Amino acid sequence: MDRRQRKTREAIFKAFISLLSKKDYKHITVGEIIECADIGRATFYSHFETKDFLLKELCEELFCHIFDAKGKKNEHKHIFKCDAPDSVFLHLFQHLQKNDNNILELLASKNNELFLRYFKNNLVKLIENQLPLFASKKSDKLPDSYWINHITSTFVETIWWWINNGKKESPETMTEYFFTVL
């Protein structure tokens, strides 16, 4: 992707994220995104087939950022910027705590099924990559697919509990809770 395409894509993400801070996902139109990003309709569709694909790419951008950051102490970016901790799970909690790019609005949205599906699909990939962390806790009786689903579900439910309780605990504490319950 050349610099011009990358800047256009970032403008679309920025417009979408700005709109997400003001209204529910289902009420945002492609026309509003185009207007806010100050681009043409054809330009939008050259980057994303639909608003749903834009949402999917936003979620994938978060997880791509998490994957790229693993083990790096320097600032890294995509549309998410931070100094990455060693734990990918702590890293996710930190972005959720900051409500980076209005990610919590997507999780808390009444119509979050689509985002949650994208989030879980990417989380499964992340967990598959991190399976050695959980090896000592896994029973030999469990198939890997069941174990990965269990870890994914536990992480998502941990996030829900944290959000519903006002995010009073630190990301470090939540990461500790997550590993404790597995």
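Keep in mind that this is a model prediction, so the values were computed, not measured. (Residues numbered from 1 in each chain as written. Predicted model: local features only at pLDDT ≥ 70, side-chain atom pairs only at ≥ 80, totals over all residues. Heavy atoms only, no water.)

## Considering the pattern of salt bridges
One pass over the structure, following the stated rule, counts 3 salt bridges. Of the charged contacts, one joins Lys23 and Glu32 as a salt bridge, the two residues approaching to 2.6 Å between their closest N and O atoms. Owing to a relative accessible area of 28%, Lys23 belongs among the partly exposed residues under this scheme. (Salt bridge = Lys/Arg side-chain N within 4 Å of Asp/Glu carboxyl O. Buried < 20%, exposed > 50% of the residue type's maximum accessible area, 1.4 Å probe, protein only.)

## Here's the deal with unusual backbone geometry
One non-glycine residue, Asp38, adopts positive backbone phi at about 60 degrees. Here Asp38 shows up in the loop between α2 (30-37) and α3 (41-47). Residue Asp38 is classed as exposed on the basis of its relative accessible area, which comes to 69%. Even without being a glycine, Lys167 presents a positive backbone phi close to 50 degrees. Judged by relative accessible area, which is 23%, Lys167 ranks as partly exposed. (Helix = DSSP H or I, 4+ residues; strand = E, 2+ residues; numbered from the N terminus.)

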